[in-house]
Amino acid sequence: MKISWMRLNNGDYGFITPSEFNENEINFAKSKGVLLEMRYSRTANERYLANICPDCRAFVGDWFLFDDYIIEYMYDENLPKYDMGYYCDNE
Ligand SMILES: [Zn+2]
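Here is what the cut-offs are and how they apply
Residues numbered from 1 in each chain as written. Predicted model: local features only at pLDDT ≥ 70, side-chain atom pairs only at ≥ 80, totals over all residues. Heavy atoms only, no water. Buried < 20%, exposed > 50% of the residue type's maximum accessible area, 1.4 Å probe, protein only. Helix = DSSP H or I, 4+ residues; strand = E, 2+ residues; numbered from the N terminus. Pairing = 2+ DSSP bridges. Donors = N, O, S within 2.8 Å, 3.2 Å for Na, K, Ca; no water. Core = buried A, V, L, I, M, F, W, Y, C linked by side-chain atoms within 4.5 Å. Contact = heavy atoms within 4.5 Å.

Participant: Could you give me a rundown of the pairing of strand 4 (residues 46-52), with the residues and numbers involved?
Facilitator: When a strand is regular, its side chains alternate between the sheet's two faces. Counting buried positions over the seven residues of strand 4 gives five, a clear majority of the element. With six bridges connecting them, strand 3 (residues 36-41) and strand 4 associate as antiparallel partners. Looking at the pairing, Arg 39 lines up with Tyr 48 of strand 4. Between strand 3 and strand 4, which pair antiparallel in sequence order, lie four residues; one of them, Asn 45, sits at a positive phi of approximately 55°. Pairing between strand 4 and strand 5 (residues 59-60): two bridges, direction antiparallel. Residue pairing for strand 5: Asn 51 is matched across the bridge by Val 60.

What follows is the structure, encoded as structure tokens:
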């Protein structure tokens, strides 16, 4: 399944998940074939936008996104990467 997340090129390898995407970033991920839907997370006790498996509709919670996907793929040069431009927490 296609997973979207953003690496912050700020020197400390920070990243953000779809729950923190802005409208532009959400639409961009969707245009690349990523399925994003609002889901309720029992772990976090809240609803947020998450990556969804188009096959079984399971979602990847923020809690698991890092351990199960991001670490494994962070240094995979074959994965498509897109420059999303400037990002600021305040916007
Ligand atoms: Zn699935």
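Participant: I'd like a rundown of the coordination of the zinc ion, residues and numbers included.
Facilitator: Within the protein, the zinc ion binds to Cys 53 (SG) and Cys 56 (SG); these donor distances fall in the range 2.2 Å. Accessibility expressed as a relative area gives 13% for Cys 53, which makes it buried. Residue Cys 56 is classed as exposed on the basis of its relative accessible area, which comes to 52%.

Participant: If you had to explain the sheet that holds strand 5 to someone new, which residues and values would you point to?
Facilitator: Pairing is antiparallel across the open sheet formed by three strands, whose spatial order is 3-4-5. Looking at the sheet topology across the chains shown, the edges are occupied by strand 3 and strand 5.

Participant: Lay out the nonpolar core in plain terms, naming residues and giving numbers.
Facilitator: If you look at the biggest cluster of nonpolar residues, it comprises nine residues: Met 6, Leu 8, Ile 16, Phe 21, Ile 26, Ala 29, Val 34, Leu 36 and Leu 49. Excluding residues within four positions of it along the chain, Phe 21 makes contact with Ser 4, Trp 5, Met 6, Ile 16, Ile 26 and Ala 29.

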